[in-house]
Structures are given as structure tokens and as C-alpha cells.
Amino acid sequence: MFGRVRAWSRRHEKLAAALRVGPLAALCGFLAIPYATIDPPLTSTYLGVAGYLGLSAALLLPLLWRERPIASFAVVALVSFGQWLADVAPLPANLAVLIALWAVAYQCSFRWALAACLVAELGVFLALVNWETPTLGMFFSGSIFVVTIWLTGLYANTRRRYLEGLEERAERAERERDQQARMAAAAERARIARELHDVVAHNVSVMVVQADGAGYALDSDPEQARLAVRAISKTGRAALAEMRRLVGVLREDEAAIIDYTPQPGLGQLEELVRGSAVPARLEVGGVPRELPEGQQLAVYRIVQEALTNALKHGGPGVRAVVEIDYTGPELVVRVTDDGRGAAAPSSPDGHGLIGMRERVGMYGGAVSAGPRQGGGFEVLARLPMVNAA
């Protein structure tokens, strides 16, 4: 229950502060009636009902500054000191000094709490100076009351800091536990992935051996070749199933999405360039060769990322040229644009170039990207051409 009350107080700080001051404000308002009916005292200044209510408001309103306890205590103390200088008798609203003292002890450091306690003690002494027959016992009685309030605030402050420390340690322990769980899960996924990789590699090796055997036995022993082809089919299905499991293991925090659409390749480059948001044209040099699907996908993604970067950083009116060159021993992919080049703002959260390097590195190639002389930007990738199996 107390936890819910604290949570509600944190969500509605101003309303909670008003509710704390409300009882004392109601008491001051209720005592205004007898204050209006008493005879003006001869030994002190009489304010009247309006002055009584105004001074009470000046003492109580600073208590609403819960987020600024030092300023609240300072204003209440100054108003009380001005009241003493004007020779106005103590009012019920002067209890605001003790409330503000408790707030300083509860929310601030020990130095500020000690300073506030000394100021409150000075207030007790000044109040007794105007008393007809002040005694040392009266001062000690008032001091004990003030110090008790002060010590209560210090205890509450210590308790609050202790609970905050426990909450912080609990949150840190929970974060560390989650991190350890993620690390353990990642390590387990990596282990499973290595095991499945070995299984898939073994199945593919079996398929290659069976295919070679089928090729040799095709003319001399058709029945043996037929059995080898069946073994290839069976092993291929097993390898495909294991590969799907491998991909599922490597996925993290992703919904299971089944997509039977073939991955794009070089045949879809013209459609990609034509449908790009950046006006671009495709230039192909040499005779296109049949490349593995993975390498075709890498080229497609490189061009796609380069066109996306041209759209994001090239500026208005940018145009791009995509060149695919098959004439040399390497497949050369060059994407250039006439945009802002070096003047384009950098993107600290971009991972496009890293992805290009990863894709090209899988096939032993290299990629570079940077501004061109004279303006614009260029992405250049070179991949050794591998014949499709």
C-alpha cells in the first residue's frame, strides 16, 4: 500500500504537496475566526484578519516547492524573520518552518540539513527573546522539538537513499542477468550453427561424390547411376532441411516469416535500376556470365545499397550510373552519382558500406566507396568471377 502511495506521489507531485500542506492550511483558516474576535494585544503588532491570512499564505505557499526544498526553507525563514522584526506574535502558520526543515533534511545533503537546523534553532532563540520571562528550559524544550524533526528527516533521507541503492542494484543485477542470458543463448546458437554447418557440409560432400559416381556410371551401369541420382536427391533434401534449421537458429528476435520468393540476381538489375527513386541507367560491358546465385545476390544488394545512399545523401536532382563489367578476370561493379559527394552529411548509424564489404569479402573481393574528384560519389566493387556449378 505504501509503495502505491509513493508511486502516486511521484506521478502527481504538485497535488501531493498540496495535500501535505492542506491540514496546516485548514487549521490556520479555522483559527482565523478566534483571531478576529480577540482584543488587539498591547505588547505586539496586531495584523487583523486580512494580515493574518496574508502572512499565513506567505508562510505556507513556499511549502509547495517540493522540488526546491532549500529555496522553500529560505523563504519561510525570511518571512518568519520579517515577522519577528515587525514584532508580530507567532502564528500557527509558523509551523511551516519545521515542515520546510524536514524537507531539507529529507532531500538535501547533510551540510544543507545542518545549516537549516541551525537557522531553526536561531528562530527558537529569537522567539524566546520577545517572551516575557524566557528561561533556559524553554529554549531546550523548543530545541529538542526542532532537533527531533531534523533527525526524523535525516533518517527518512538515509532510508530513501538505501532503498534507491537497493533498486539500482536490483536493476543492474537484472540487466546483467539478461545480458548473461543473451550471451549464453548466442554462444549456444553459435555452437549449434557450427554443428549444423558440419552436417550440411557433409551432406553436400556426399552429393558431390554421388554426382561424380553417377557421371562415370551413366554409360556403363545405368542402374547404378539411377541409384546415385536417388541418393543425391535424398541427401539434397536432408541438406536443405538442415540449412533451414541453421537459418532458423541464426535468426534472433525475428518472427517466423516464410517467403518462397526467389532471391534477386543479375537478371533483376535492370528492373532495380529502372524502378529506383534516383534517375539511373544501367551499362553492361562484356558478355554476361552465369554466376552462382549467392554472388548474383551480392551484386544486386551492392547496387541497391549504392542507389539508396545516392538518394539519401546525393541531394536534389541527383542522377546515377550503374556499370557492370564482365571483360576482365573480375566482375567490376561501379555505381557513380553526380550528387554532393564530399559535402554530403555523414550518417553515423549507417551500416551500408559494412554490409557491402561483408558480402564482397565472402567471395574474396574488395569494395571501396568515397567522393569523386569534381563532385559526386562512387562505389566500386571487384569480385572474382566464379562459374556456377
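Residues numbered from 1 in each chain as written. Predicted model: local features only at pLDDT ≥ 70, side-chain atom pairs only at ≥ 80, totals over all residues. Heavy atoms only, no water.

Draft legend 1. Quick look at the overall build of the chain. Secondary structure assignment for the chain yields eleven helices and five strands. Residue burial in the chain is summarised as follows: out of 389 residues, 30% are buried. For the chain, contacts bridging at least 24 residues in sequence account for 67% of all contacts bridging at least 6. Counting every atom, the chain has about 24900 Å² of accessible surface; 61% of that belongs to carbon and sulfur. (Helix = DSSP H or I, 4+ residues; strand = E, 2+ residues; numbered from the N terminus. Buried < 20%, exposed > 50% of the residue type's maximum accessible area, 1.4 Å probe, protein only. Contact = heavy atoms within 4.5 Å. Areas by Shrake-Rupley, 256 points an atom, 1.4 Å probe, with all protein chains shown as cover.)

Draft legend 2. How the structure looks around the sheet that holds strand β4 (residues 366-371). Spatial ordering of the open sheet is given by β1-β2-β3-β5-β4, a layout of five strands whose pairing is mixed. Sheet topology places β1 (280-285) and β4 at the edges, where each strand pairs with a single neighbour. In this sheet, adjacent strand axes meet at a mean angle of 10° when their direction is disregarded. Strand contacts of helix α10 (residues 293-313): β1, β2 (320-325), β3 (330-337) and β5 (377-384), with the helix running at about 15° to β3, the strand carrying the most contacts. (Pairing = 2+ DSSP bridges. Axes fitted to C-alpha atoms, helices over the stretch in contact; angles between N-to-C directions.)

Draft legend 3. Representation of unusual backbone geometry in the model. Here the phi dihedral of D87 falls at roughly 60°; this positive angle occurs in a residue that is not glycine. Structurally, the position occupied by D87 is in the loop between α4 (69-85) and α5 (96-107). Given a relative accessible area of 30%, D87 falls into the partly exposed group.

Draft legend 4. Region of interest: the packing of aromatic side chains. If you walk through the whole model with that rule in mind, you get four aromatic pairs. Plain terms: the ring middles of F81 and W84 are 5.9 Å apart, the flat faces sit at 20° to each other, and that makes the pair stacked. With F81 and W84 both in helix α4 and three residues apart, the pair spans about one turn of that helix. Between F139 and F140, the ring centres sit 6.1 Å apart and the planes meet at 65°, which makes this aromatic pair edge-to-face. Judged by relative accessible area, F139 falls into the partly exposed class, the value being 23%. Overall, the relative accessible area of 46% leaves F140 in the partly exposed class. In this structure, R68 packs its charged tip against the face of W65, placed 5.3 Å from the ring centre. (Phe/Tyr/Trp six-rings, centres within 6.5 Å; stacked < 30°, edge-to-face > 60°. Lys NZ or Arg CZ within 6 Å of the ring centre and 35° of its normal.)

Draft legend 5. Up close: the pattern of salt bridges. Applying the stated criterion across every chain, the model contains eight salt bridges. Its salt-bridge partner being E283, residue R281 comes within 2.8 Å of it at the nearest N-O pair. Of the charged contacts, one joins R334 and E323 as a salt bridge, the two residues approaching to 4.0 Å between their closest N and O atoms. Residue R334 is found in strand β3, and its partner E323 is found in strand β2; the two are separated by eleven residues along the sequence. E323 sits in the partly exposed class, given a relative accessible area of 26%. Put simply, E174, R177 and D178 are held in one network by salt bridges that share partners. (Salt bridge = Lys/Arg side-chain N within 4 Å of Asp/Glu carboxyl O.)

Draft legend 6. A look at the nonpolar core. In this structure, L60, L63, F73, L101 and W150 are the most contacted members of the largest nonpolar core, which totals 33 residues. Listed by contribution, the elements that provide at least two residues to this core are α2 (13-37), α3 (48-60), α4, α5, α6 (110-129) and α7 (136-220). Among the elements that line this core, the one with the most residues is α5, at seven residues. Ignoring anything within four residues of it in the chain, the contact list for L101 reads F73, A113, A116, C117, A120, V146 and W150. (Core = buried A, V, L, I, M, F, W, Y, C linked by side-chain atoms within 4.5 Å.)

Draft legend 7. Local environment of the pairing of β1. Of the pairings in the sheet, the one linking β1 to β2 comprises six bridges and is parallel in character. Within β2, the residue paired with G285 across the bridge is D325. Taken together, β1, α10 and β2 constitute a β-α-β crossover, and its handedness is left-handed. (Right-handed = clockwise from strand over helix to strand, strands pointing away.)

Draft legend 8. Spotlight on the environment of L78. Relative to the helices and strands, L78 is located in helix α4. Distance from L78 to L59, taken between C-alpha atoms, is 9.4 Å for residues 19 residues apart in sequence.

Draft legend 9. Seen up close, the packing of α3 against α4. At a minimum axis distance of 8 Å, the contact between α3 and α4 shows a crossing angle of 150°. In this view, α3 runs roughly antiparallel relative to α4, as classed from their interaxial angle. Each of L55, A58 and L59 in α3 lies in contact with α4, whose residues at this interface are V76, V79, S80 and Q83. Partitioning the contact of α3 with α4 into residue classes produces five nonpolar, two polar and no charged. (Parallel < 35°, antiparallel > 145°, perpendicular 65-115°, else oblique. Nonpolar A, V, L, I, M, F, W, Y, C, P; charged D, E, K, R; others polar.)

All quantities given are derived from atomic positions and should not be read as evidence of function.
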